[in-house]
Amino acid sequence: MLLFARRSILFQLLSVYLLFVLVVLSGGLVIDGIIEQRLSNDVQAADQALAQEIALQTNLQLSGEKKALIDLGKLAAQAENSDAMTEIFQAFQASRSDVDQVYWLDTVGVLRLAWPLGKVTLGAQFSPPGVVQKSLASTEPVMEVGIATETTVRTAGVIIAEPVRSVDGTLIGIVAVSFSLVELSLPLKTVVQAQLQQLGRHLQISVIDESGKLIATPDQQRILQTVLDELPGAEVALNGQTASRLATGLDGQKWLFSAVPVGDVRWAVVVQRPTNEALAVVAEFRLWLLSAVLLFALGGLLFWLLLLNRVIRPLHTLAIKHQSLPTTEQASLVATVLPTRQDEVGDLERSLIRLERDGLKKLTELQTLLETSNAVVRSLEPHTVVRKIIREVRKLVDIQAAAVLLPDEKGVLRVLVSDGHSSHYDAELSRSPDDLSSTPVLALRDGKPVQKLLEQSALSYHEGFRSVLAVPIISRHAGGVVLLVHRSEPQPFNQNEINLLLTFANYATLAWEHAVLYERSDERLREVAQENERLYKQASEEKQKLEAIMGSMRDGLVLTGTDGTILYANLGASTISGLSSPNLEHHSISVLYAALRVATIDTINSERVMALATTNEATEVIVEIRQSRQHQAIQLRLFDVGDETGRVIGRGLLLRDVTREYELDEFKTTLLAAVGHELRTPLTAIKGYASTLLQEDVSWPLADQRHFLQIISAESDRLAQLVSNLLDLSRQEAGLLLLNRTPTSVRALVTKTLEQIKHPAASLSLNLPADLPLVNVDKARIEVVIHNLVFNALVYGDGEVSISAERRADDVVIAISNNGPGIAADELPHIFERFYRARRGQQQRAGGTGLGLTICKAFVEAHHNVIWAESSAYSTTISFSLPLLNPVSERDEALGAAFLSG
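Residues numbered from 1 in each chain as written. Predicted model: local features only at pLDDT ≥ 70, side-chain atom pairs only at ≥ 80, totals over all residues. Heavy atoms only, no water.

Chemist: I'm lost on the overall build of the chain in this one. Help?
Modeler: Across its full length, the chain holds 26 helices and 28 strands. Per-residue burial over the chain gives 39% buried out of 902 residues. At a minimum sequence separation of 6, the contacts of the chain that also span at least 24 residues come to 55%. Here the chain has roughly 51800 Å² of accessible surface; of this, 56% comes from carbon and sulfur atoms. (Helix = DSSP H or I, 4+ residues; strand = E, 2+ residues; numbered from the N terminus. Buried < 20%, exposed > 50% of the residue type's maximum accessible area, 1.4 Å probe, protein only. Contact = heavy atoms within 4.5 Å. Areas by Shrake-Rupley, 256 points an atom, 1.4 Å probe, with all protein chains shown as cover.)

Chemist: Got a minute to help me understand the sheet that holds strand β2 (residues 111-115) in this structure?
Modeler: Sheet strands pair via backbone hydrogen bonds, and the direction of the pair is either parallel or antiparallel. Strand order in this open sheet of five strands is β2-β1-β5-β4-β3, and the pairing throughout is antiparallel. Each edge of the open sheet is held by one strand with a lone partner, namely β2 and β3 (142-146). Ignoring strand direction, the axes of neighbouring strands in this sheet form an average angle of 20°. Of the strand pairs in this sheet, strand β4 (residues 157-165) and strand β5 (residues 171-180) are connected by nine bridges, and their pairing is antiparallel. When the sheet's bridge partners are listed, Ala-161 is paired in β5 with Ala-176. (Pairing = 2+ DSSP bridges. Axes fitted to C-alpha atoms, helices over the stretch in contact; angles between N-to-C directions.)

Chemist: How should I be thinking about the side chain of Gln-635 in this particular structure?
Modeler: Within the secondary structure, Gln-635 sits in strand β20 (residues 630-642). Classification of Gln-635 by relative accessible area gives buried; the value is 14%. Beyond its immediate sequence surroundings of up to four residues, Gln-635 is in contact with Glu-620, Val-621, Ile-622, Leu-654, Leu-655, Arg-656 and Val-658.

Chemist: It is not clear to me how helix α18 (residues 589-599) should be interpreted in this structure. Could you clarify?
Modeler: Buried within α18 are the following residues: Ile-589, Leu-592, Tyr-593, Ala-595, Leu-596 and Ala-599. The buried residues of α18 occupy an angular sector of 160° when the element is viewed end-on, so they sit on one face. (Arc of directions from axis to C-beta.)

Chemist: How should I be thinking about the pairing of strand β27 (residues 867-871) in this particular structure?
Modeler: Sheet faces and side chains relate simply in a regular strand, where the side chains alternate between the two faces. Here β27 pairs with strand β28 (residues 876-883) via five bridges, running antiparallel. What sits directly across from Glu-870, in β28, is Thr-877. Connecting β27 to the next strand, β28, in antiparallel fashion are four residues.

Chemist: I keep staring at helix α13 (residues 439-446) and nothing clicks. Help me out?
Modeler: Those residues of α13 that sit buried are Thr-439, Pro-440, Val-441, Leu-442 and Ala-443. Against β11 (401-407), β12 (413-419), β13 (430-431), β14 (450-453), β15 (467-475) and β16 (479-487) lie the buried residues of α13. Immediately downstream of α13, the backbone of Gly-447 shows phi near 75°, a positive value.

Chemist: Any chance you could explain the packing of helix α22 (residues 746-756) against helix α23 (residues 779-796) here in plain terms?
Modeler: The interhelical angle for the contact between α22 and α23, taken along N-to-C directions, is 55°, at an axis separation of 9 Å. The angle between α22 and α23 falls in the class oblique. Like other packed secondary-structure pairs, α22 and α23 cross with a definite hand, here right-handed. Of α23, the residues touching α22 (which contributes Leu-749, Val-750, Lys-752, Thr-753, Leu-754 and Gln-756) are Lys-779, Ile-782, Glu-783, Ile-786, His-787 and Val-790. Of the residues contributing to the contact of α22 with α23, the split by class is six nonpolar, three polar and three charged. (Parallel < 35°, antiparallel > 145°, perpendicular 65-115°, else oblique. Left-handed = near helix turned anticlockwise from the far one by under 90°. Nonpolar A, V, L, I, M, F, W, Y, C, P; charged D, E, K, R; others polar.)

Chemist: Explain the nonpolar core to me, please; I cannot follow it from the model alone.
Modeler: It is characteristic of soluble globular proteins that their nonpolar side chains tend to be buried jointly. Within the largest apolar cluster, 44 residues are counted, with the highest numbers of intra-cluster contacts made by Leu-789, Ile-816 and Phe-880. Residues in contact with Ile-816, not counting those within four places in the same chain, are Ile-786, Leu-789, Val-790, Ala-793, Val-801, Ser-802, Ile-803, Thr-876, Thr-877 and Ile-878. Counting 43 residues, the second largest nonpolar core, distinct from the first, contains Ala-68, Val-102, Leu-184 and Val-269. (Core = buried A, V, L, I, M, F, W, Y, C linked by side-chain atoms within 4.5 Å.)

Chemist: Honestly, the confidence of the model for the chain in this entry has me stumped. Any pointers?
Modeler: Close inspection of predicted coordinates is inappropriate for parts of the model with low pLDDT. Per-residue pLDDT for the chain averages 78, and the proportion of residues at 70 or more is 81%. Contacts from residues 150-154, a stretch scored under 50 in pLDDT, to residues over four places away or in other chains number nine contacts. The low-confidence segment residues 841-846, where pLDDT is below 50, has 11 contacts with residues more than four positions distant or belonging to other chains. (pLDDT = per-residue confidence, 0-100.)

Chemist: What's the story with unusual backbone geometry in this structure? I'm lost.
Modeler: Most peptide bonds are trans, and most residues other than glycine sit at a negative phi. Following Trp-115, the chain continues into Pro-116 via a peptide bond in cis, with omega recorded as 0°. Mapped onto the secondary structure, Pro-116 falls in the loop between β2 and α4 (129-136). With a phi angle near 75°, Leu-224 is a residue other than glycine that sits in the positive phi range. By the secondary structure assignment, Leu-224 is in the loop between β7 (214-216) and α6 (234-238). Positioned with a positive phi, His-864 is a non-glycine residue whose angle comes to about 65°. Relative to the elements of secondary structure, His-864 occurs in the loop between α25 (852-862) and β27.

Chemist: Would you explain the packing of aromatic side chains in this entry?
Modeler: In this description, a pair of aromatic rings is defined by centroid distance and the angle of the planes. Counted under the stated rule, the structure contains three aromatic pairs. Between Tyr-689 and Phe-708, the ring centres sit 5.1 Å apart and the planes meet at 40°, which makes this aromatic pair tilted. Taken together, the positions of Tyr-689 in helix α20 (residues 659-694) and Phe-708 in helix α21 (residues 702-734) put the pair 19 residues apart, joining distant regions of the chain. Taken together, a centroid distance of 5.3 Å and an interplanar angle of 80° make the contact between Trp-700 and Phe-708 edge-to-face. A relative accessible area of 12% places Phe-708 in the buried class. One aromatic cluster in this structure is built from Tyr-689, Trp-700 and Phe-708. In this structure, Arg-487 is placed above the aromatic ring of Phe-493, and the distance from its NZ or CZ to the ring centre is 4.2 Å. (Phe/Tyr/Trp six-rings, centres within 6.5 Å; stacked < 30°, edge-to-face > 60°. Lys NZ or Arg CZ within 6 Å of the ring centre and 35° of its normal.)

Chemist: Is there a simple way to think about the side chain of Asn-818 in this case?
Modeler: As for its placement among the helices and strands, Asn-818 is situated in strand β26 (residues 811-818). A relative accessible area of 8% places Asn-818 in the buried class. Of the polar contacts made by the side chain of Asn-818, one reaches the backbone oxygen of Ala-793; its length is 3.3 Å. Beyond its immediate sequence surroundings of up to four residues, Asn-818 is in contact with Asn-792, Ala-793, Tyr-796, Gly-797, Glu-800, Tyr-874, Ser-875 and Thr-876. (Polar contact = N/O pair within 3.5 Å; in protein donor to acceptor, adjacent residues only side chain to side chain.)

Chemist: Please clarify how the pattern of salt bridges should be interpreted in this entry.
Modeler: For side chains bearing opposite charge, pairing can occur when the charged atoms are close. Under the counting rule described, the total for this entry stands at 15 salt bridges. A salt bridge links Glu-531 to Arg-534; the shortest N-O distance between them is 2.5 Å. You can see Glu-531 and its partner Arg-534 sitting in helix α15 (residues 495-552), three residues apart, about one turn around the helix. Looking at Glu-531, the relative accessible area reads 35%, which means it is partly exposed. Linking Arg-651 and Asp-640 is a salt bridge whose minimum nitrogen-to-oxygen distance equals 2.4 Å. (Salt bridge = Lys/Arg side-chain N within 4 Å of Asp/Glu carboxyl O.)

Structure follows, in C-alpha cells:
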C-alpha cells in the first residue's frame, strides 16, 4: 500500500485533498463546539442575571413586608381598643396594595380581629397553625407559605406574623399579614410575555420555597404544587448556590435551567428556556457546515474525474511506454506512433520520443566509454595503466596503432609504451620540445588534440600509417603525457571520435595521476609512517605520563597556609574525609583531622597516629577508617610547600588510599598458596613416576613404562595448562591478550571438548541445531571455556549435564546446565571472582584454585562478549555468547528476505 501511494500521483493528490477536507471539517467541528460552548455560557449568564434580578426584587419585597409588619406591631401594641386597632389595620392595608389581609391573634392563636372585614370568621383558630407556633417561639417576624382561613387556591399567599409584646416584654398578641401569590406572580408573567412578544423566545420563570412548592409562576393554576423534581438545579439553589443545568423538560424537549437563591429566605428562582431557541445559531452553523461538506464532495468528485481522464491516465500510459530506453527496433516503432493531442500531455509525449532517440544514441557511446575507462582505472602501476589505456583506446576508436609518449628530464618526448608499432619505431621516435612541427609536441604545449595527415617524410609514414591524432593527458600533480594514435587510412578523425577520445582522456588522466602519485608517494608514505610511529610512541609516553598524573589525583590533596587554614582540597580529599570542599576550604586543618577521627576503626591507635599528624612530628602515618561499610587504609603524608627562594609558605597533606596495596599483599599470599597447592600435585606425580622409572634395581615391563610416561605427560600438560591460564589471565587484565580468530563451528567446538573430558558416570545431553552459523573465535581459548564449564557442571552437579546453543541477534549463545543443588543467591554475584569457590562445591571437591570461571570470563570478554550465571534450588546454568562470523551481512540477508516476502 505504501509503495502504491508513493508511485501514484492520483493517490497522492487525493490524499492531500482529503487531508485538506479533513482539516476544514475538523476546524468546523472545533468552531462548532466553541460557538456552542460560548453561546451556552452567554445564555446561562443572561438567564442567571434575570433570575438574580427577580430574586433581588422578591427579597426586597419580603424585607419591606417584614419591616412594615414590625412597625404595624408597634402601633397595635399602643391601641387602646379594637376600634383603634381596626383603624390602624385599615390604614396599613390601604398603604400596602400588595397586602391581601391583616390579622390580630391572641396569645394562643385565636383570630380576634381582621381587615378587611367579613372575609374570615373571628374567634376561630388561625390557620395554618404552624405560623402561630413559629411566631410564639421567635422574637422576629416569621413567614410561611399557605392558605390563611380561606379554602381556595386563588387565596393562597405568603403569611408573615410578628409577636407583639408590651413594654415589660409580656406577649400581648400576634399581628399577621398575607399577600396573594397571584399578585407575586404577575411580574413574572409580564417578563415572560415581553420575551415572547419582543424576541419571539419562550421563557418560563418559577419561584419555589424551601419545600419545593411553586409560589410564583406565570401559570397561576400550578401555584403551591411541588415541582422540585421538575426543575434541575433548584435543589442546589435552595442550598444557597447558583446552578445551570441542561435537561429534558415535561414536554420531552431539551431545556436550559438556571437557578439562583433568594436572599435571606430559602427560596429559589428558576429561569428555563428551550435549548433549540437558545442555540439556534449553532443549528444554523451546522447546516452551513453540512452544505460545505456536500459542496466539497461534489466538487471533488467532478475534479477527480476530470483529472483522472485528462491527466493521470495519459501520464500513466506515457510512464509505462517510456519507463526504459528501447532498442533500435523499438525506437523506430515508437517513432511511427505520433501523438494527436495538442495540449501539454501531447507535448510531453513528443518530447519523450525525441529524448529516447537522442538518449539511445548517446547511451551506446557512453556504454562503450564506461567499459573502456573502467578497465583503465583499476590499476595503480604506471606502466600497467598505460598499457590498459592503449588497449582500451584501440577498442574505442577505429585505429591500427597507439602509443603513449612521456617527457624525460629535458622535456624530450619518448615512447613509454606502444602497441601496433615496430620496435624500430619505438626506439627512433623522440621529439624535442622545440620541434613545433611535431603533432605530440603541439598537443602537449596547447593542451588540446592535434591531428594531421602524414607526409612521406614522416617516420610513421614508413610504418604504413597515413593519419595521426595526438591527445594530451595532462595532470596537475603528475605531469603530462601524450596519447598518440595512428590510422592506416588517409582519413582524418571526425569530431565524434575526437570527443570520445577527449572524454576517455579525462578518465585516463585520473588513472595516470593516481598511478604516478602512488608510485611517488610510496617512499613518502614509508617516511610518514616512520614519523607517525615515532610521534605515536612519543604521544603514548606523554599519554602515560598524563594518565599517571590524573590517576594520582584520585588521592586526596590538601594545601594549607602557615596558620593551618585549608586553602585547597581536591575531590579525593572530600571523598576520603566525607566532607565537601566548601566544608574544608577556608577552615582549619583540624576539621579534616576530626572527620578522620570519627571514621577510624581502632580508636586508641588512631588517637596516637592523629596526634603525630597534628603535631607535625611525623611526615608519614597510616590511619584505618571505615566509610560506606568499607574498610580503608589511608596514608597521610605531610610535606612543606616553598616558593622559588625555598621559603616555606605552607604545608601540604597527601591522603592516599593504600587499601589496594594491602589487598595485593593478601592476593599474592593467596595466589602463592593456591598455585603452590595446584603445582604440587602434578609435580609430585611427575617426580614419583620419574623416580620409579629411574630405579636400577627394578626392571619394569614396557607396558608399565608406557603407562608411567603417559601419566608424566598428562601431568605435564596439566601443569603447562595451569601456567598458560594464569599467563592468559594476566594478559587479559593488562589488555594484552591476543586472539587468533578463525571461522569455527559450534558443534565442532563442543564435540572436541567433550572428547577430552572423561567422566563415565556423567550423563551428557546436547541440543545443538544443525543450522547454527559459524562463529569468529579463538578456538583454543573457547575450548578452555567449554572445558572449564562442563568440568564445573560435573563437579558441582549430580551427574547430569545439558549443553545447548541458539542464535540471538548477532551472537550465538551457549548454555551449560547441571542438576546440582544450585548456588546461593548471595554467592552468585561472586562466582567469577578470582579464587572464589562456592560452599556447596567445596563440600564435593576440595581441590582447585578458584580461577576456572575467572579464566572463562576473561576469554569471553576478550571476544567482546558476555558470560553470566543463573541458578535455582535444583540446577545451575552458565551461559556465554560468541560473535557470528559476519553478522551484518546475515542481518541484511534476513531483512532482504523479509522485505521480499512482505
